[in-house]
Amino acid sequence: MNSDMWRQRRVLVTGCTGVLGSWLVLRLLELGADVVGLVRDWVPSSQLVLSGAVNRIVTVRGDVTDPR
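Residues numbered from 1 in each chain as written. Predicted model: local features only at pLDDT ≥ 70, side-chain atom pairs only at ≥ 80, totals over all residues. Heavy atoms only, no water.

Chemist: Pulling in residues and values, what's your account of the sheet that holds strand β3 (residues 58-61)?
Modeler: Judged by pairing direction, the sheet is parallel, and its three strands sit side by side in the order β1-β2-β3 without closing on themselves. Two strands in the sheet have a free side with no partner beyond their single neighbour: β1 (10-14) and β3. Neighbouring strand axes in the sheet, compared pairwise and without regard to direction, differ in orientation by 20° on average. Inspection of the sheet shows strand β2 (residues 34-39) paired to β3 by four bridges, in the parallel sense. Note on β3: the bridge partner recorded for Val36 is Val58. (Pairing = 2+ DSSP bridges. Helix = DSSP H or I, 4+ residues; strand = E, 2+ residues; numbered from the N terminus. Axes fitted to C-alpha atoms, helices over the stretch in contact; angles between N-to-C directions.)

Chemist: Before we move on, can you summarise the environment of Thr17 with the specific residues and values?
Modeler: Looking at the element boundaries, Thr17 is found in the loop between β1 and α2 (19-30). Overall, the relative accessible area of 8% leaves Thr17 in the buried class. Between the alpha carbons of Thr17 and Val39 there is a distance of 6.7 Å; along the sequence they are 22 residues apart. Residues within four places of Thr17 in sequence aside, it is in contact with Ser22, Val39, Asp41, Trp42, Val43, Ser46 and Leu48. (Buried < 20%, exposed > 50% of the residue type's maximum accessible area, 1.4 Å probe, protein only. Contact = heavy atoms within 4.5 Å.)

Chemist: Can you break down the environment of Ala33 residue by residue, with the values?
Modeler: Position of Ala33 relative to the elements: it lies in the loop between α2 and β2. By relative accessible area, which is 9% here, Ala33 ends up buried. The sequence separation of Ala33 and Ser3 amounts to 30 residues, and the corresponding C-alpha distance is 9.3 Å. In contact with Ala33, not counting residues within four places along its chain, are Trp6, Gln8, Arg9, Val11 and Leu28.

Chemist: Which residues make up the side chain of Ser22, and what are the values?
Modeler: On the secondary structure map, Ser22 appears in helix α2. Residue classification places Ser22 among the buried residues on the basis of a relative accessible area of 0%. At 3.1 Å, the side chain of Ser22 forms a polar contact with the backbone oxygen of Cys16. When sequence neighbours within four positions are dropped, the list of residues in contact with Ser22 reads Gly15, Cys16, Thr17, Ser46, Gln47 and Leu48. (Polar contact = N/O pair within 3.5 Å; in protein donor to acceptor, adjacent residues only side chain to side chain.)

This is the structure:
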(Lines give C-alpha, C1' and ligand atoms only; values in the text may rest on other atoms or scores of the structure.)
Protein backbone atom coordinates (compact mmCIF):
# COMPACT_ATOMS: atom_id res chain seq x y z
CA MET A 1 0.00 0.00 0.00
CA ASN A 2 1.36 3.40 -0.98
CA SER A 3 1.33 5.25 2.34
CA ASP A 4 1.78 8.66 0.71
CA MET A 5 -1.55 8.21 -1.06
CA TRP A 6 -3.46 8.42 2.24
CA ARG A 7 -1.60 11.35 3.78
CA GLN A 8 -4.08 14.18 4.53
CA ARG A 9 -6.76 12.46 2.46
CA ARG A 10 -10.26 12.50 3.96
CA VAL A 11 -11.66 8.97 4.26
CA LEU A 12 -15.15 7.91 5.38
CA VAL A 13 -15.25 4.63 7.30
CA THR A 14 -18.67 3.13 7.97
CA GLY A 15 -18.91 0.73 10.88
CA CYS A 16 -15.85 2.22 12.54
CA THR A 17 -16.70 0.71 15.94
CA GLY A 18 -16.84 -2.80 14.49
CA VAL A 19 -13.94 -5.22 14.43
CA LEU A 20 -12.75 -4.52 10.91
CA GLY A 21 -13.70 -0.85 10.94
CA SER A 22 -11.75 -0.17 14.13
CA TRP A 23 -8.58 -1.70 12.77
CA LEU A 24 -9.02 0.04 9.43
CA VAL A 25 -9.30 3.41 11.17
CA LEU A 26 -6.13 2.72 13.17
CA ARG A 27 -4.20 1.85 10.02
CA LEU A 28 -5.50 4.88 8.12
CA LEU A 29 -4.47 7.14 11.00
CA GLU A 30 -0.98 5.60 10.94
CA LEU A 31 -0.82 6.46 7.24
CA GLY A 32 -1.79 10.07 7.93
CA ALA A 33 -5.39 10.03 6.67
CA ASP A 34 -8.07 12.42 7.92
CA VAL A 35 -10.74 9.93 9.03
CA VAL A 36 -14.47 10.51 9.40
CA GLY A 37 -16.22 7.58 11.08
CA LEU A 38 -19.90 6.78 10.70
CA VAL A 39 -21.18 5.28 13.98
CA ARG A 40 -24.53 3.52 14.11
CA ASP A 41 -23.95 1.51 17.30
CA TRP A 42 -21.65 2.80 20.01
CA VAL A 43 -19.40 -0.07 21.15
CA PRO A 44 -17.37 1.01 24.20
CA SER A 45 -15.27 -2.16 24.07
CA SER A 46 -14.26 -1.64 20.43
CA GLN A 47 -10.61 -1.25 19.50
CA LEU A 48 -11.45 2.25 18.23
CA VAL A 49 -12.52 3.36 21.71
CA LEU A 50 -10.01 1.34 23.75
CA SER A 51 -7.08 2.64 21.70
CA GLY A 52 -8.21 6.26 22.06
CA ALA A 53 -8.32 6.62 18.27
CA VAL A 54 -11.93 7.76 18.58
CA ASN A 55 -10.54 11.06 19.84
CA ARG A 56 -8.43 11.47 16.70
CA ILE A 57 -11.26 11.20 14.17
CA VAL A 58 -14.46 13.03 13.37
CA THR A 59 -17.42 10.85 14.35
CA VAL A 60 -20.87 11.13 12.84
CA ARG A 61 -23.82 9.29 14.37
CA GLY A 62 -26.10 7.73 11.80
CA ASP A 63 -27.04 4.82 9.60
CA VAL A 64 -26.35 4.50 5.88
CA THR A 65 -29.86 3.09 5.39
CA ASP A 66 -31.53 6.16 6.92
CA PRO A 67 -32.08 8.83 4.21
CA ARG A 68 -32.27 11.65 6.79
